[in-house]
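As a plain string of letters, each chain reads:
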Amino acid sequence: MYALEFENVTKRYGHEVVLDDLTFIVRPGVVTGFLGPNGAGKSTAMKILLDLAKAERGHATIGGTRYREMPDPAGAVGVVLEPNAFHPGRSGRNHLRILADGAGIDPGRITELLEAVELTQAADRHVGGYSLGMRQRLGLAAALLGDPPVLVLDEPGNGLDPQGIHWLRDLLRERAAAGGTVFVSSHLLAEVEHLADEIVVINHGRLVTTGALSTLQKIGTAVRTDAPDRLTQLVSAAGGTVDTGVEGELVVRGFGMAEIGDLACAAGIALHELAPQAGSLEELFIAWTHDDNSTAEDGPAEVGARTDKQGALL
Amino acid sequence: MTMPMLLRGEIRKITTTKLPWTFLAVLVVIAALNAAIVAFGTEADGSKAFVATAADQQSLMAFAFNAMMGTSLFGAIAVAREYGHDTVVPMFLTSPNRTRAVLAQLAAILLAGAALAAAGQALIIAAVATALPQTPYGFLMSPGDVVQLLASATLAGAVGAVLGAGLAAVIRNVGGAVTAALLALFVIPPLAAQLISSAGSWIPTTLSGVIAGVGTDVSLWAALMAFVAWAVIPAAAGLIAVHRRDVT
C-alpha cells in the first residue's frame, strides 16, 4: 500500500513560483482526482513526485520513499505524463518493447496490454500515424506494463472516445478497489465527478482544498432572505464566500448553518431558508479557483482542510 | 534496473528507427564512390600512382576521421531526438538514477557508432579491393594494415558518436546539436591550430591519421588518449547537464 505524500513542496522557474509550500496526501485504495486551472502546477507537482523535476524546498514520496530510491520504480509506479512522448517513426509494439527491456518486464505483457487497450491491429504501425486517442491508449499500456500498484496519470482521458473513457474509469476503479493508489489529473470535471473518491485542488501552485469529494460537495449552505445584499456583505466581511445558486438563492461557504443564522440574527436579517447545499464539481471548482490571486498571498493550507479564497479554514 | 537491461533497451531504441539504416546506406554510397575513384580516377599524368604503394592505398582507404564526423552527426541526432520527442521521460522513469540512464544511452550510442564506422571501413576496403584489379596494382596492404584501418575507424566511430551524443544532451535540439558537432570537428580545431601551433597535433584530423597509421605527429598511445578525450569531455558535459536540469 503506497500513499503519495507531498510535504512543503516549493518550486520556482526563475522568479515565478510554480508550487508554493504544497502539502497533501494521496491515499491508497481510492481514486484521487488532481484538479486545478491551466498553469496551476499539477504537471510540475507530478514531475517532482517522479523525480523528473527538483523541488527547491520540501519533498514528495511514494510509500515513504523518494522515487529515485525505489528499488523497482517501473514495477511500482505506472505513469502517463506527456501525451506525445513517442518517437513517431517507431511502432507502438517497439515502444513497449523498449520499456520492457529497460525495466526487465516479461515481454509477454506487451501482447496482453496491446489487447487490453485495443491496439493490437495498430501495434506494428508507426506511432506518428496514431490519433491522439491511440497515443493515449499506448501511454496507458506503457503505464500498466509493470502491473504497478501506483498509477500517476496526467490527463489520461484526453482524446479517448466514450468507450475508452468507460474502460479507463473501470480500470482505475478496479485498481483502487484492489488497494492501489490512483492519482489522476484531469480537466474533464464531469469525468472526475464520476471517477474520483477524493480530490486535491490547487491554484497558483497552492493547495486550495483536499478531501472526499462527496463531503466537499456538501460544504455549502443555501440561504434565502429578503436582504441578500446585506447578508452577502456581512458574510464576506466575516471571511466567508457567497455565490448565487441556480434558483437565485445565496450559497454560503465558509460558515456552518448555525454561524450563518447567528450572523443574520445579530444583524436583524430574517432568513426564509437555511439548508445544506450540494454543488456540482464544476460549480465548486469555479468557486475554489476563482482567480483573484488572493490564495497566493495567504498562508499555506492544511492537509485535509479546505480554505476559501480569503484563506479561512472551513 | 540493471545496466545490461537499460543497455538492451537503449540498443533497441536505436535499432527500431530508420536512423542507423540511413547512415548505413550513406556508407554504401561512400564505399561505391571510393571504388569508382580507384577504377576510373587518374593522376594528372594519367597514371594510377595514387594506389601504387601500400601506404598510398592505406591513405586512400583511411576512414577514421570521416567515421568520426559521420558518427558525431549520428550521435547528435539520435540523442537530441530523444529530448525532442520527450522519449527521455520514460527513460528517466525506468531509471531515475540519471547517471546510470545516461551511461546506458551513451554506451548504446558508442556501440552503434563503432559498428557503423567498422561497417563503413569494411565496405570501403572491400570496394577498393574489388576495384584494384582494374589498375596495374593489386591489393598491397598487409593484413596488419587492414586490421589497423578497421580498428582506427571503429575507435573513431565510437569517439564521434559519444561526442555528438554528449553535445546533444547539453543542447537537446537536433539542429543545435548537429551544428555544435560540426563546429567541434571542423571550425574549432583549425582555429585552435592557427592560434596555438602545437594544438595542431591534437585535433581530430591529426589524431585519426596517427591511429590509422598514416600520420606520425604524436605517438600512437598519446593519440589514443587524446582521441578518447574528445569523447569523454562532451560526454561529461552532457552528464552534468542532465543532472542539473529538470526533465521537461
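Residues numbered from 1 in each chain as written. Chains lettered and ligands numbered in written order. Predicted model: local features only at pLDDT ≥ 70, side-chain atom pairs only at ≥ 80, totals over all residues.

**Student:** Which parts of the structure should I look at to understand the overall build of chain A?
**Tutor:** Looking only at helices and strands, one finds eleven helices and 13 strands in chain A. Overall size of chain A, expressed as C-alpha extent along the three principal axes, is 75 × 40 × 35 Å. A separation threshold of at least 6 residues defines the contact pool for chain A, and within that pool the share at least 24 residues apart is 70%. (Helix = DSSP H or I, 4+ residues; strand = E, 2+ residues; numbered from the N terminus. Contact = placed C-beta atoms within 7 Å.)

**Student:** What am I meant to see in the overall build of chain B here?
**Tutor:** Secondary structure assignment for chain B yields ten helices and zero strands. For chain B, the α and β elements follow one another from N to C terminus as α-α-α-α-α-α-α-α-α-α. Rg of the C-alpha trace for chain B: 19 Å, near the compact-globule value of 18 Å for 248 residues, within the 12% margin. The dimensions of chain B, computed from C-alpha atoms along their principal axes, are 60 × 40 × 30 Å. For chain B, contacts bridging at least 24 residues in sequence account for 81% of all contacts bridging at least 6. (Rg over C-alpha atoms; globule rule 2.2 N^0.38 Å.)

**Student:** Whenever I open this one, the sheet that holds strand β5 (residues 77-80) of chain A confuses me. Can you help?
**Tutor:** Where strands meet in a sheet, backbone hydrogen bonds hold them as pairs that are either parallel or antiparallel. All names here are of chain A. Overall, mixed pairing links the six strands, which are arranged β5-β6-β7-β3-β8-β9 in an open sheet. Each end of this open sheet is capped by a strand with a single partner; those strands are β5 and β9 (206-212). Neighbour-to-neighbour, the strand axes of this sheet turn through a mean angle of 15°, independent of strand direction. Here helix α6 (residues 162-177) sits on the sheet and contacts β3 (31-35), β6 (150-154) and β7 (181-185); the angle it forms with β7, its principal contact strand, is near 145°. (Pairing = 2+ DSSP bridges. Axes fitted to C-alpha atoms, helices over the stretch in contact; angles between N-to-C directions.)

**Student:** Mind showing me how you'd approach the sheet that holds strand β12 (residues 250-253) of chain A here?
**Tutor:** Residues and elements named next belong to chain A. Read from one edge of the open sheet, four strands run β11-β12-β10-β13, paired in antiparallel fashion. The sheet is open, and its two borders are formed by β11 (241-244) and β13 (271-276), each paired with just one other strand. If you compare each strand with its neighbour and ignore which way they point, the axes differ by 25° on average. In this sheet, β12 lies alongside β11 in antiparallel orientation, the contact comprising four bridges. If you follow Thr 244 over to β12, its bridge partner there is Leu 250. Against the sheet, helix α9 (residues 228-237) touches β10 (221-225), β11 and β12, its axis set at about 10° to β12.

**Student:** What should I look at first to understand unusual backbone geometry in this one?
**Tutor:** Residues apart from glycine generally show negative phi values, whereas peptide bonds are mostly found in trans. Residues and elements named next belong to chain A. The backbone of Asn 8 shows a phi angle near 50°, a positive value even though the residue is not glycine. Structurally, Asn 8 is set in strand β1 (residues 4-13). Here Asn 8 falls in the partly exposed class, since 15 other C-beta atoms lie within 10 Å of it. We note that Asp 147 has phi near 50°; this positive angle belongs to a residue other than glycine. (Buried ≥ 20, exposed ≤ 12 C-beta atoms within 10 Å, placed from the backbone.)

**Student:** Teacher, can you tell me more about helix α3 (residues 92-103) of chain A here?
**Tutor:** Since one α-helical turn is 3.6 residues long, residues separated by three or four positions face the same way. In this model, α3(A) (twelve residues) spans 17 Å end to end at C-alpha, consistent with the 16 Å of a helix rising 1.5 Å per residue. By the criterion of burial, α3(A) is predominantly enclosed, with twelve of the twelve residues buried. Listing the buried residues of α3(A) in full gives Gly92(A), Arg93(A), Asn94(A), His95(A), Leu96(A), Arg97(A), Ile98(A), Leu99(A), Ala100(A), Asp101(A), Gly102(A) and Ala103(A). Where α3(A) is buried, its residues meet α2 (73-76), α4 (108-116) and α5 (132-144) of chain A together with α1 (3-15) and α5 (88-94) of chain B. Two residues or fewer after α3(A) comes Gly104(A), characterised by a positive phi angle close to 70°. (Expected span 1.5 Å × (residues − 1).)

**Student:** What am I meant to see in the interface of chain A and chain B here?
**Tutor:** Where interface size is quoted, it is often the accessible area lost as the parts come together. Listed per partner, the contact involves 28 residues of chain A and 25 residues of chain B. Counting residues per element, the side of chain A that touches chain B draws most heavily on α3(A), which supplies seven residues. Grouping the amino acids of the side of chain A that touches chain B by side-chain chemistry returns 14 nonpolar, six polar and eight charged. (Nonpolar A, V, L, I, M, F, W, Y, C, P; charged D, E, K, R; others polar.)

**Student:** Help me understand the environment of Asn158(A) in this model?
**Tutor:** All names here are of chain A. Among the structural elements, Asn 158 can be located in the loop between β6 and α6. Distance from Asn 158 to Gly 133, taken between C-alpha atoms, is 7.1 Å for residues 25 residues apart in sequence. When sequence neighbours within four positions are dropped, the list of residues in contact with Asn 158 reads Pro 83, Leu 132 and Gln 136.

**Student:** What exactly am I supposed to notice about the packing of helix α4 (residues 64-84) of chain B against helix α7 (residues 143-171) of chain B here?
**Tutor:** When two helices pack together, their arrangement is given by the angle between their axes and by how far apart the axes lie. Residues and elements named next belong to chain B. For the pair α4 and α7, interaxial distance at closest approach is 6 Å and the crossing angle is 35°. In this structure, the crossing between α4 and α7 has a hand that is right-handed. Residue composition of the contact of α4 with α7, grouped by class: 22 nonpolar, eight polar and no charged. (Left-handed = near helix turned anticlockwise from the far one by under 90°.)

**Student:** Explanation requested: the packing of α9(A) against helix α10 (residues 257-267) of chain A in the structure shown.
**Tutor:** All names here are of chain A. Interaxial distance between α9 and α10 falls to 11 Å at its minimum, and their mutual angle equals 120°. Of the possible angle classes, the one that applies to α9 and α10 is oblique. Note on packing geometry: the crossing formed by α9 with α10 is right-handed. Contacts between α9 and α10 involve Arg 230, Leu 231, Leu 234 and Val 235 on the former and, on the latter, Leu 263, Ala 264 and Ala 267. (Parallel < 35°, antiparallel > 145°, perpendicular 65-115°, else oblique.)

**Student:** Looking at this structure, how should I read the pairing of β3(A)?
**Tutor:** Residues and elements named next belong to chain A. Burial runs high along β3: five of the five residues are buried. Alignment of β3 against β7, held across four bridges, turns out to be parallel. Within β7, the position partnered with Thr 32 by the bridge is Phe 183. The pairing of β3 with strand β8 (residues 198-203) spans four bridges and is classified as parallel. Opposite Thr 32, over in β8, you have Glu 198 as the bridge partner.

**Student:** What should I look at first to understand the confidence of the model for chain B in this one?
**Tutor:** Close reading of the predicted structure is inappropriate where its pLDDT is low. Residue and element names in this part refer to chain B. Of all residues in chain B, 100% attain a pLDDT of 70 or more, and the chain-wide mean is 93. Helix α9 (residues 204-211) is the least confidently modelled element of chain B, averaging 90 in pLDDT, while helix α6 (residues 98-131) averages 96, the highest of any element. Scoring the predicted complex yields pTM 0.84 and, for the interface, ipTM 0.87. (pLDDT = per-residue confidence, 0-100.)

**Student:** I keep staring at the environment of Ala184(B) and nothing clicks. Help me out?
**Tutor:** All names here are of chain B. In this structure, Ala 184 sits in helix α8 (residues 174-195). For Ala 184, a count of 21 C-beta atoms within 10 Å corresponds to the buried category. Taking C-alpha positions, Ala 184 is 9.3 Å from Gly 164, a pair spaced 20 residues apart along the chain. Those residues in contact with Ala 184 that lie beyond four places of it in its chain are Leu 163 and Leu 167.

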